[in-house]
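Here's the letter readout for the chains.
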Amino acid sequence: MLSPKKSKYRKRQRGRTKGKAFRGSTLEFGDYGLQALECGLMTAQQIESARIAVTRHVKRGGKVWIRVFPDKPVGKKPAETRMGKGKATPDSWVAVVKPGRVLYELEGVSKDVAGEAFRLAGHKLPFATKFIDRGT
């Protein structure tokens, strides 16, 4: 799974997920992309499972770019633990996603193959997504 090698602080506040993405909202590398339509947190496992769905559908053809990275630690308290006693220890890593953010890019395949690959990847993610290409 993806995770940072090092972070400045061990625990981070949760914050609010609102607003639109201005950085990372256009295609930079590939011809086709998968763009987020809603705010949300994307775990390292979800990033990896969507990537696997894309690469399996294109059958190792083309090139895939992952445009998000999980750099925010999220804590989770153990089951059957009472409230309080401080903040939980970091359990997993998530990427903060805002509407308009390009999550994945793809090149070297036809438009219908890329569209179907990104449709399958979108089912793995916790928010709505849309398929974009260079023309849009």
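This text follows the structure it describes.
So, here's what we can say about the structure. (Residues numbered from 1 in each chain as written. Predicted model: local features only at pLDDT ≥ 70, side-chain atom pairs only at ≥ 80, totals over all residues. Heavy atoms only, no water.)

Some remarks on the packing of helix α1 (residues 44–57) against helix α2 (residues 111–122)
Inference 1: Viewed as axis vectors pointing N to C, α1 and α2 meet at an angle of 150 degrees, and their least axial separation amounts to 8 Å. Looking at the two axes, α1 sits roughly antiparallel to α2. Taken as a pair, α1 and α2 cross one another with a handedness that is right-handed. Where α1 abuts α2, its residues A50, A53, V54 and H57 lie against V113, E116, A117, F118, L120 and A121. (Axes fitted to C-alpha atoms, helices over the stretch in contact; angles between N-to-C directions. Helix = DSSP H or I, 4+ residues; strand = E, 2+ residues; numbered from the N terminus. Parallel < 35°, antiparallel > 145°, perpendicular 65-115°, else oblique. Left-handed = near helix turned anticlockwise from the far one by under 90°. Contact = heavy atoms within 4.5 Å.)

Comments concerning the sheet that holds strand β3 (residues 63–66)
Inference 1: A sheet is described by the order of its strands in space; here four strands give the open sequence β3-β6-β1-β7, paired in antiparallel fashion. Strand pairing shows two members of the sheet lacking a second neighbour, β3 and β7 (129–133), which therefore form its edges. Along the sheet, successive strands turn relative to each other by an average axial angle of 20 degrees, direction set aside.
Inference 2: In the sheet, strand β1 (residues 32–36) pairs with strand β6 (residues 102–107) via four bridges, with the strands oriented antiparallel. (Pairing = 2+ DSSP bridges.)

Describing the nonpolar core
Most often, soluble globular proteins keep nonpolar side chains buried together rather than apart.
Inference 1: With 21 residues, the main nonpolar core has M42, L103, Y104, L106, F118, L125 and F127 as its most contacted residues.
Inference 2: Every element with two or more residues in this core is listed here: β1, α1, β5 (90–97), β6 and α2.
Inference 3: Those residues within four positions of Y104 in sequence are excluded, and the remaining contacts are Y32, G33, L34, M42, Q46, I47, A50, R51, W65, I66 and F118. (Core = buried A, V, L, I, M, F, W, Y, C linked by side-chain atoms within 4.5 Å. Buried < 20%, exposed > 50% of the residue type's maximum accessible area, 1.4 Å probe, protein only.)

Topic: unusual backbone geometry
Inference 1: Phi at R60 takes a positive value of approximately 60 degrees, unusual for a residue other than glycine.
Inference 2: Residue placement: R60 occurs in the loop between α1 and β3.
Inference 3: Not every positive phi belongs to a glycine, and K85 is a case in point at roughly 60 degrees.
Inference 4: When you line up the elements, K85 lands in the loop between β4 (72–75) and β5.
Inference 5: Owing to a relative accessible area of 84%, K85 belongs among the exposed residues under this scheme.

Things to note about the packing of aromatic side chains
Inference 1: One pass over the full model with this rule turns up three aromatic pairs.
Inference 2: Their ring planes at 20 degrees and their centres at 5.7 Å tell us that Y32 and F131 sit as a pair that is stacked. Placement of the pair is Y32 in strand β1 and F131 in strand β7, with a sequence separation of 99 residues.
Inference 3: Aromatic side chains F118 and F131 sit 6.1 Å apart centroid to centroid with 45 degrees between the ring planes, which places their arrangement in the tilted category. You can see F118 sitting in helix α2 and its partner F131 sitting in strand β7, a full 13 residues away along the chain.
Inference 4: Taken together, Y32, F118 and F131 form an aromatic cluster joined through their ring pairs. (Phe/Tyr/Trp six-rings, centres within 6.5 Å; stacked < 30°, edge-to-face > 60°.)

A few points about the sheet that holds β4
Inference 1: Within the open sheet, the three strands sit side by side as β2-β5-β4. Their pairing is antiparallel. The open sheet is flanked by β2 (40–43) and β4, the only strands paired with a single partner. Adjacent strand axes in the sheet meet at a mean angle of 50 degrees, parallel and antiparallel pairs treated alike.
Inference 2: One ladder, built from four bridges, connects β4 with β5; its direction is antiparallel.

Regarding α1
Inference 1: Compared with an ideal rise of 1.5 Å per residue, which puts 14 residues at 20 Å, α1 spans 20 Å between its outermost C-alpha atoms and is within 8% of the ideal.
Inference 2: A44, I47, A50, A53 and V54 are the residues of α1 that are buried.
Inference 3: Against the buried residues of α1 lie β2, β3, β5, β6 and α2.
Inference 4: Immediately downstream of α1, the backbone of K59 shows phi near 55 degrees, a positive value. (Expected span 1.5 Å × (residues − 1).)

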